[in-house]
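# Coordinates in review
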Amino acid sequence: MNEKTSASRSFPRRVSDALLDLIFPRECLIFGGALGDTPYRFLSKQGRASLKFIGDDCCPACGAPRAGIVSEHGECVFCRDRKFRFGCSRSLVVFDVYASRLVHAVKYRAAHAAADDFAKIAAESDHFSAYLTGAILVPVPLFTMRENKRGYNQSRIFAEALAKYIPRSRVENLLVRTRDTGTQTHLSAASRRVNVRKAFCVPKKFKERVDPKARYVIIDDVFTTGSTLSECARALKKAGARIVDAATFAHG
Ligand SMILES: [Zn+2]
């Protein structure tokens, strides 16, 4: 595992964790029930084993696991007719029923602790860790009102957790969402593209921080159609970034 910081928690932290465990026993976010012997805070070994990791053998554009038909250039069928604004995207695991429980937990329950588990298993994947090494991680922003209501942005928490474990990476919150694009789960791929079109920008005050020589990786929880990530890449490039890729926890 590539850890930038010591994995051992401080004594006061261990004591407070132990007390919390007595009051609110931790459960595996995927299977429920006792965690048992595990290096993770909210993931049992069985939960970790249930995740389907995507390795090197994936679509070179969107990072989907290579299954089914691929086009003559090697992209998956979905990407054959799509042009993304980012160079490429990679995801750690397949978005199935197990991964979705973790993603849901980060959105609505144990956000920080679950994101730390995300980041730990991301760092355990040589392929995914190498992809992020040395990059500036830029979380997909929420619309301010939505973030205020939820209290945090799950992509930002995930990016910050990743930066703890991925060598020479750091987070820069360069993007803002200029309007509320609502939930996109019920929209078709084409409608999503229209819905998020020009919904992001790099505010004037951040533009001088954009380094044309740096590699930026936009971070989100799930890759669905790539529309949101593509629009974020468009905004970063408009502000002067030249190398912009994307990464998500899951690909669905
Ligand atoms: Zn693809």
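Look up a bit, the structure's there.
The following refers to the structure shown. (Residues numbered from 1 in each chain as written. Predicted model: local features only at pLDDT ≥ 70, side-chain atom pairs only at ≥ 80, totals over all residues. Heavy atoms only, no water.)

## Focus: the overall build of the chain
- Check the secondary structure of the chain and you find 11 helices and seven strands.
- Considering the chain as a whole, with its 252 residues, one finds that 50% of them fall into the buried category.
- Put simply, of all contacts in the chain between residues at least 6 apart along the chain, 73% involve residues at least 24 apart.
- Working note: accessible area of the chain is about 12600 Å², and carbon and sulfur atoms make up 54% of it. (Helix = DSSP H or I, 4+ residues; strand = E, 2+ residues; numbered from the N terminus. Buried < 20%, exposed > 50% of the residue type's maximum accessible area, 1.4 Å probe, protein only. Contact = heavy atoms within 4.5 Å. Areas by Shrake-Rupley, 256 points an atom, 1.4 Å probe, with all protein chains shown as cover.)

## Description of the sheet that holds strand E2 (residues 136-139)
- With parallel pairing, the five strands of this open sheet are ordered in space as E1-E7-E6-E2-E3. In this open sheet, the two strands that pair with only one neighbour each are strand E1 (89-94) and strand E3 (170-171).
- Note that strand E6 (residues 215-223) and strand E7 (residues 243-251) share eight bridges and pair parallel. Considered in E7, the bridge of Val222 is made with Ala250. (Pairing = 2+ DSSP bridges.)

## Here's the deal with the pattern of salt bridges
- Evaluated as defined, the whole model comprises 11 salt bridges.
- Arg48 is the salt-bridge partner of Glu124, the closest N and O atoms lying 2.8 Å from each other. Of the two residues, Glu124 is situated in helix H5 (residues 111-124) and Arg48 in helix H2 (residues 45-50); the sequence distance between them amounts to 76 residues.
- Judged by relative accessible area, which is 24%, Arg48 ranks as partly exposed. (Salt bridge = Lys/Arg side-chain N within 4 Å of Asp/Glu carboxyl O.)

## Considerations on the coordination of the zinc ion
- Within the protein, the zinc ion binds to Cys59 (SG), Cys62 (SG), Cys76 (SG) and Cys79 (SG); these donor distances fall in the range 2.3 to 2.4 Å.
- Coordination at the zinc ion comes from four donor atoms whose angles at the metal span 100 to 114°, giving a geometry best classed as tetrahedral.
- Counting the intervening residues between successive donors of the zinc ion yields the motif C-x2-C-x13-C-x2-C.
- For Cys76, a relative accessible area of 13% puts it in the buried group.
- By relative accessible area, which is 3% here, Cys79 ends up buried. (Donors = N, O, S within 2.8 Å, 3.2 Å for Na, K, Ca; no water. Tetrahedral: all angles 85-135°; square planar, octahedral: opposite > 155°, others 65-115°.)

## Details of the packing of helix H4 (residues 97-108) against H5
- Packing of H4 against H5 leaves a shortest axis separation of 7 Å and a crossing angle of 140°. In terms of their interaxial angle, H4 and H5 are classed as oblique. Considering the relative orientation of H4 and H5, their crossing is left-handed. Contacts between H4 and H5 involve Leu102, Val103, Ala105 and Val106 from the first element and Ala111, Ala114, Ala115 and Phe118 from the second. (Axes fitted to C-alpha atoms, helices over the stretch in contact; angles between N-to-C directions. Parallel < 35°, antiparallel > 145°, perpendicular 65-115°, else oblique. Left-handed = near helix turned anticlockwise from the far one by under 90°.)

## A short note on the pairing of E6
- Among the nine residues of E6, eight are classified as buried, and the element is accordingly described as predominantly covered.
- Across four bridges, E2 lies against E6 in parallel orientation. Of the residues in E6, the one forming a bridge with Ile136 is Tyr216.
- The parallel pair E6 and E7, bridged by helix H11 (residues 227-238), forms a crossover whose chirality is right-handed. (Right-handed = clockwise from strand over helix to strand, strands pointing away.)

Fair warning: the whole summary comes from geometry, so function is off the table for now.
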